[in-house]
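These are the residues of each chain, in order.
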Amino acid sequence: MFQLHGTSIWLGRGSQVGVDLEDDAVSTRHAHFTRRSDGLYLQDGGSHNGTFVNDEPIESPRRLVDGDHVHVGNTVLKFCLLDELEEHALTQLFELTIHDPLTHAYNRRYLTTHLRSELAFGARQGQSLGLLLVDIDHFKRVNDTYGHHVGDLVLQLVAATIQRILRPYDALCRYGGEEFVIVARDSSLRNAEILAERVRRRIESMHFDVAGSPASITVSVGVTAVRPTGDSNEAESLLQSIDEALYAAKEAGRNQVKVAHPGGSQATKRERGRSHAPRHQSGERPSVPDGASLDLRPSAFPRFD
């Protein structure tokens, strides 16, 4: 949602416009909103592919009415006149469509759109994009032994812990049942690997009471990074790369980080992946042993308001 306050608002790409769209088919200063005494007008700003209202190209300032569809590049926007209560309700509805209700991380639908937007942003700015796939080790064992209500608490705790590590412009998305994807803007492969290791260590350090003895939950992480080129298949290729790296981490014993180097074959990625902290080093406590009773008291978890 974009609030059209003021008398003059530009629509385009970049920080210099009021309505910033992550769409490569949109010009930098694509169209211009102007407020007049009788309403809000829209005019094309000399864009490469035009501005359309209700599928009609506009050659001169066009007064917008409630419900008009504005088409620029590959993006369609709906113009709405809302009071404060309606705006609040619509904002809440939008938030529900992009967030996972259990963990409050973004959902997979949002990841698909956000990843493409971040790749386009990185291509324009010449910045690398880091991608991490985090999987909770032996999560099925937790659900089978202690029930799904306990599994839900573990998912919430892991998501909240990861979120506290991330920067404001990084995105945490729930990718599957116990899998999370982190999209890290302006992150080299090395920086993405460091972030993955921080996540792994932080999760490993969270201890629970299991039959009177402490035990821990661990995660495996697949990592890659790319300097975006604008290729249409780049998002799918990156997701495949981190999936392969995660598979390698699990094959190597879990509770470690594996790196998929951009441009390598699957075999090469697995052979060159780096590993950290093998699962059962001397003196380590095993994570959630079979047959144990997990005591998850409310005090052990942060509040999720």
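What you see as residue numbers is a count from 1 along each chain, following the sequence as written. Given that the model is predicted, a residue must reach a pLDDT of at least 70 before its local features are reported, and side-chain atom pairs must reach 80 or more before they are shown or counted; all residues, however, enter totals for whole chains, interfaces and linings. With hydrogens and water stripped out, all remaining heavy atoms of the structure feed into the side-chain values.

Digging into the packing of helix α2 (residues 108-125) against helix α6 (residues 234-251)
The packing of two helices is summarised by the inter-axis angle and the distance between the axes.
Part 1: Helix axes are fitted to C-alpha atoms over the stretch in contact, other axes to C-alpha atoms as well, and angles between N-to-C directions run from 0 to 180 degrees. Here a helix means four or more residues in a row that DSSP labels H or I, a strand means two or more in a row labelled E, and each is numbered from the N terminus. Here α2 crosses α6 at 110 degrees, and the two axes come no closer than 9 Å. Judged on the interaxial angle alone, α6 and α2 are roughly perpendicular. In this structure, α2 crosses over α6, and the sense of that crossing is right-handed. Listed contacts from α6 to Leu111, Leu115, Arg116 and Leu119 of α2 are Glu234, Ala235, Glu236, Leu238 and Leu239. Working definition: roughly parallel below 35 degrees, roughly antiparallel above 145 degrees, roughly perpendicular at 65 to 115 degrees, and oblique for all remaining angles. Each crossing is labelled by how the near helix is turned from the far one, with a counterclockwise turn of less than a right angle marking it left-handed and a clockwise turn marking it right-handed. In what follows, a contact means two residues having at least one pair of non-hydrogen atoms within 4.5 Å.

Things to note about the pairing of strand β1 (residues 8-12)
Part 1: Any two strands with at least two DSSP-identified bridges between them are counted as paired. Relative to strand β3 (residues 29-36), β1 runs antiparallel, the two being bridged by five bridges. By the bridge assignment, Leu11 is partnered in β3 with Ala31.
Part 2: Bridging between β1 and strand β2 (residues 19-20) involves two bridges; their strand directions are parallel. When the bridges of β2 are listed, Leu11 appears paired with Val19.

Description of the sheet that holds strand β4 (residues 39-44)
By way of backbone hydrogen bonds, the strands of a sheet pair with one another, either parallel or antiparallel.
Part 1: The five strands lie next to each other as β2-β1-β3-β4-β7, forming an open sheet whose pairing is mixed. Both outer strands of the open sheet, β2 and β7 (62-63), are each paired with one neighbouring strand and no more.

Remarks on the pairing of β3
Part 1: The pairing of β3 with β4 spans six bridges and is classified as antiparallel. Directly across from Thr34, in β4, lies its bridge partner Tyr41.
Part 2: Between β3 and β4, which pair antiparallel and follow one another directly, the connecting turn spans two residues.

What to know about a nonpolar patch on the surface
Part 1: Together, Met1, Leu82, Leu90, Leu93 and Leu96 make up a nonpolar patch on the protein surface, roughly 490 Å² of accessible area in all.
Part 2: As for its position among the elements, Met1 is in the segment before β1. The residues that make up patches have over 30% relative accessible area and no salt bridge, and they are joined within 9 Å when like-charged or within 5 Å when they are Val, Leu, Ile, Met, Phe, Trp or Tyr. Surface exposure here means Shrake-Rupley accessible area, sampled with a 1.4 Å probe, where a residue is shielded only by the protein chains that are shown. Salt bridges are defined as contacts in which a side-chain nitrogen from Lys or Arg sits within 4 Å of a carboxyl oxygen from Asp or Glu.

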